[in-house]
Amino acid sequence: MLKGFKEFLLRGNVLDLAVAVVVGAAFTAIVTSFTENIVNPLVASLGGSNEMGFGFQITDSPETFVNLGAVLSSVINFVLIASVVYFVLIVPFNSVKERFMTEQEKEATDIELLTEIRNLLADANANADTNSTRVEP
């Protein structure tokens, strides 16, 4: 049981996942700081000169304030994180993977797989016809 756990931990996937989590957490902190300190004041300035910023009050109670600025900042935060993850991690990884992948490792298309299945079935049927002996009464 411990041997299997050791093999699991020593796989490259677990290490890659751990690095991705740590880098993602650190980058999220940077983007959140950028959003809170630069984007939020800009969005609040769009809301006008009131102290509440970009949003509106439903009733006189402060709990009923709909903060559109916070939602917009969260969307901007998400788009920034997703774009950096895509362009800094995914695109370079895919190009390196394509460069070092052998011909056999490249994914086959659906048509290639269906053609291979068809050929295997045709060969199996041809072998079944030649191997079977007909017994006539």
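Reading the values: the criteria
Residues numbered from 1 in each chain as written. Predicted model: local features only at pLDDT ≥ 70, side-chain atom pairs only at ≥ 80, totals over all residues. Heavy atoms only, no water. UniProt positions renumbered as here; feature names shortened; annotations may be inferred. Helix = DSSP H or I, 4+ residues; strand = E, 2+ residues; numbered from the N terminus. Buried < 20%, exposed > 50% of the residue type's maximum accessible area, 1.4 Å probe, protein only. Contact = heavy atoms within 4.5 Å. Areas by Shrake-Rupley, 256 points an atom, 1.4 Å probe, with all protein chains shown as cover. 1 Å grid on protein atoms, 1.4 Å probe; cavity = no way out; pocket = protein on both sides within 12 Å on 5 of 7 lines; lining within 4 Å. Points joined across faces, edges and corners; volume = space filled by probe spheres on them. Nonpolar A, V, L, I, M, F, W, Y, C, P; charged D, E, K, R; others polar. Phe/Tyr/Trp six-rings, centres within 6.5 Å; stacked < 30°, edge-to-face > 60°. Patch = residues over 30% accessible without salt bridge, like charges linked within 9 Å, V, L, I, M, F, W, Y side chains within 5 Å. Salt bridge = Lys/Arg side-chain N within 4 Å of Asp/Glu carboxyl O. Expected span 1.5 Å × (residues − 1). Bend = angle between axes of the 7 residues up to and from the residue.

Labelled according to an unreviewed UniProt entry, the protein appears under the name Large-conductance mechanosensitive channel, originating from Rhodococcus daqingensis. According to the UniProt record, the Subcellular location (unreviewed entry) comment for the protein reads "Cell membrane". UniProt's Function (unreviewed entry) comment on the protein is quoted here verbatim: "Channel that opens in response to stretch forces in the membrane lipid bilayer. May participate in the regulation of osmotic pressure changes within the cell."

Participant: Hey, could you run me through the overall build of the protein in this one?
Facilitator: Tallying secondary structure elements over the protein gives 4 helices and 2 strands in all. What you see in the protein, going N to C, is helices and strands ordered as α-α-β-β-α-α. Here the protein, with 137 residues, has 7% of them falling under the buried criterion. Across the protein, every contact between residues at least 6 apart in sequence was considered, and the portion connecting residues at least 24 apart equals 40%. Per element, the accessible surface of the protein, about 11,600 Å² overall, is 65% carbon and sulfur.

Participant: Sorry, what's going on with the layout of surface pockets here?
Facilitator: Empty pockets left among the atoms are what a rolling probe the size of a water molecule brings to light. Volume-wise, the largest pocket comes out at about 240 Å³. Along the walls of the largest pocket sit Asp16, Val19, Ala20, Val23, Val85, Leu89, Ile90 and Phe93, which together make up its complete lining. Mapped onto the lining of the largest pocket, the elements with two or more residues apiece are helix H2 (12–46) and helix H3 (68–100). Taken together, the residues of the lining of the largest pocket sort by class into 7 nonpolar, no polar and 1 charged.

Participant: Would you take a moment to explain the packing of aromatic side chains for this structure?
Facilitator: By convention here, two paired aromatic rings are described through the distance between centres and the angle between planes. This model, assessed by the stated rule, comprises 1 aromatic pair. When the centroid spacing of 5.0 Å and the interplanar angle of 80° are considered together, the rings of Tyr86 and Phe87 count as edge-to-face. The class for Tyr86 is partly exposed, based on a relative accessible area of 43%.

Participant: How should I be thinking about a nonpolar patch on the surface in this particular structure?
Facilitator: On the surface, Val85, Tyr86, Phe87, Val88, Leu89, Ile90 and Val91 cluster together into a nonpolar patch covering about 610 Å² of accessible area. Position of Val85 relative to the elements: it lies in helix H3.

Participant: Help me understand the side chain of Thr35 in this model?
Facilitator: Within the fold, Thr35 resides in helix H2. The contact partners of Thr35, leaving out residues within four places of it in the chain, are Asn40, Ser73 and Asn77.

Participant: Sorry if this is basic, but what is going on with H3 here?
Facilitator: For an α-helix the count is 3.6 residues per turn, leaving residues at separations of three or four pointing the same way. Compared with an ideal rise of 1.5 Å per residue, which puts 33 residues at 48 Å, H3 spans 47 Å between its outermost C-alpha atoms and is within 8% of the ideal. Along its length, H3 shows its largest kink, about 30°, at Tyr86. Considered for burial, the residues of H3 that qualify are Gly69, Ser73, Asn77 and Ile81.

Participant: Please clarify how the side chain of Asn77 should be interpreted in this entry.
Facilitator: Looking at the element boundaries, Asn77 is found in helix H3. You can call Asn77 buried: its relative accessible area is 15%. Those residues in contact with Asn77 that sit more than four places away from it in its chain are Val31, Thr32 and Thr35.

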